[in-house]
Amino acid sequence: MVLLVIPEEPLAFASAGCTQSEREALLQFKLGLKDPSNRLSSWGGDGDCCGWSGVICDNLTSHVLELHLRTLSEKEYYAFNATGDYDKFWERSAFRGKISKSLLNLKNLKHLDLSNNNFEGIRIPKFLGSMGSLRYLNLHGAGFGGMIPHQLGNLSNLQYLILEKFTYYFENKYVESLHWLSSLTSLEFLDLSFVNLSKALDWLDVMNKLPSLVELHLSGSSLNHKAPPLPNVNFHHFLFLICQ
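A quick note: this is a predicted structure, and the numbers were derived from the prediction, not measured.

Of regular secondary structure, the protein chain possesses four helices and twelve strands. Across the 244 residues in the protein chain, those meeting the buried criterion constitute 46%. Nonlocal contacts in the protein chain, meaning residues at least 24 apart in sequence, comprise 67% of its contacts between residues at least 6 apart. Surface summary for the protein chain: the accessible area is close to 13,300 Å², and the carbon and sulfur share equals 55%.

Locating Glu215 in the fold gives a position in strand 11 (residues 215–217). The charged side chain of Glu215 is buried without a salt bridge, its nearest counter-charge being Lys75 at 12 Å. In terms of polar contacts, Glu215 uses its side chain to reach the side chain of His217, at 2.7 Å.

Before going further, it helps to spend a moment on the state of the cysteines. Tallied over the full model, the rule gives two disulfides. In this model, Cys18 is linked to Cys49 through a disulfide, with the two sulfur atoms separated by 2.2 Å. Taken together, the residues Cys18 in the segment before helix 1 (20–31) and Cys49 in the loop between strand 1 (33–34) and strand 2 (55–57) connect sequence positions 31 residues apart. The exposure class of Cys18 is buried, given its relative accessible area of 14%.

Take unusual backbone geometry next. Residue Ser62 is not a glycine yet carries a positive backbone phi of 65°. For Ser62, a relative accessible area of 2% corresponds to the buried category. At Ser222, a position not held by glycine, the phi torsion is positive, near 50°. With respect to the secondary-structure elements, Ser222 resides in the loop between strand 11 and strand 12 (240–242). Assessed through its relative accessible area of 46%, Ser222 is described here as partly exposed.

Let us look at the environment of Asn118. Tracing the backbone shows Asn118 in the loop between strand 5 (111–113) and strand 6 (136–138). For Asn118, a relative accessible area of 10% puts it in the buried group. For the pair Asn118 and Gly97, spaced 21 residues apart in sequence, the C-alpha to C-alpha distance is 8.1 Å.

The geometry of an aromatic ring pair is captured by the separation of the ring centres together with the interplanar angle, meaning the angle of the planes. Following the criterion strictly, the structure yields nine aromatic pairs and no others. Ring geometry for Phe119 against Phe144: centres 5.2 Å apart, planes inclined by 10°, an arrangement best described as stacked. In this pair, Phe119 is assigned in the loop between strand 5 and strand 6 and Phe144 in the loop between strand 6 and strand 7 (146–147), connecting sequence segments 25 residues apart. Overall, the relative accessible area of 1% leaves Phe119 in the buried class. Assessed through its relative accessible area of 1%, Phe144 is described here as buried. Look at Tyr136 and Tyr160: their rings are 6.0 Å apart centre to centre, the planes differ by 45°, and that puts the pair in the tilted class.

Its location among the elements puts Tyr86 in helix 3 (residues 86–93). By relative accessible area, which is 3% here, Tyr86 ends up buried. Tyr86 sits twelve residues away from Glu74 along the chain, and the two C-alpha atoms are 6.2 Å apart.

As recorded in UniProt, the feature "domain: Leucine-rich repeat-containing N-terminal plant-type" (unreviewed entry) lies at residues 20–58. In this annotation, residues 20–58 is assigned 31% helix and 13% strand; the end-to-end C-alpha distance for the span is 15 Å.

What follows covers the side chain of Asn138. Tracing the chain through its elements places Asn138 in strand 6. When its relative accessible area of 7% is taken as the criterion, Asn138 is described as buried. Separated by 3.2 Å, the side chains of Asn138 and Tyr136 make a polar contact. At 3.0 Å, the side chain of Asn138 forms a polar contact with the backbone nitrogen of His140. Leaving out residues up to four positions away in the same chain, Asn138 has contacts with Leu112, Asp113, Leu114, Ser115 and Ile162.

Analysis parameters
- Residues numbered from 1 in each chain as written.
- Predicted model: local features only at pLDDT ≥ 70, side-chain atom pairs only at ≥ 80, totals over all residues.
- Heavy atoms only, no water.
- Helix = DSSP H or I, 4+ residues; strand = E, 2+ residues; numbered from the N terminus.
- Buried < 20%, exposed > 50% of the residue type's maximum accessible area, 1.4 Å probe, protein only.
- Contact = heavy atoms within 4.5 Å.
- Areas by Shrake-Rupley, 256 points an atom, 1.4 Å probe, with all protein chains shown as cover.
- Lys, Arg positive; Asp, Glu negative; His and termini not counted.
- Salt bridge = Lys/Arg side-chain N within 4 Å of Asp/Glu carboxyl O.
- Polar contact = N/O pair within 3.5 Å; in protein donor to acceptor, adjacent residues only side chain to side chain.
- Disulfide = S-S within 2.5 Å.
- Phe/Tyr/Trp six-rings, centres within 6.5 Å; stacked < 30°, edge-to-face > 60°.
- UniProt positions renumbered as here; feature names shortened; annotations may be inferred.

Below you can see the structure in the form of structure tokens.
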């Protein structure tokens, strides 16, 4: 008797589209925004939210992994437009409004970019510190003001943190201490340019204790030169240190 063995076909893992909870979270987030140029026109209808503008999902699970919602910087704008008024472009393109807590339902979100928008008059939401999957957070020039919340120190998986403000745009972003940064042991890139650090006497000690940090930007940050001297300097791991 001949035994015929038929090989099993490999299992196919077809994506079923984004989950209903994550779809609703994105729609709630959209409701809080003012979108003058209707950049989020694809957000809605019956389509898969993984196909919406600025949304990137996992190919297998369809969980939302990244949100790219930045507005072009002035340098980028003129790179694509030989002529034109950037200020007018920014006014009609930048997102405004509020940041909805619905983002907390994006449990797998690793990348959040809200840079170059116009959230003037509100502070960086404290609840962002509860988005534990984040690896990349970019709030450069997004208009947030006030004290940077220490809750961001809960983002233990964070590798890139960009809080730089526009040099010509009033945001009054500041800290009184940088102790919260000490727990960001995975942090590789940190930009606090033009954030007021004048009250942060611990800035030198904190930066010295971040084991993974390789690039640090502190231009225009009003560094407090009364910071206590370091008994052991550990800056040999830096590739770039910018403190103009």
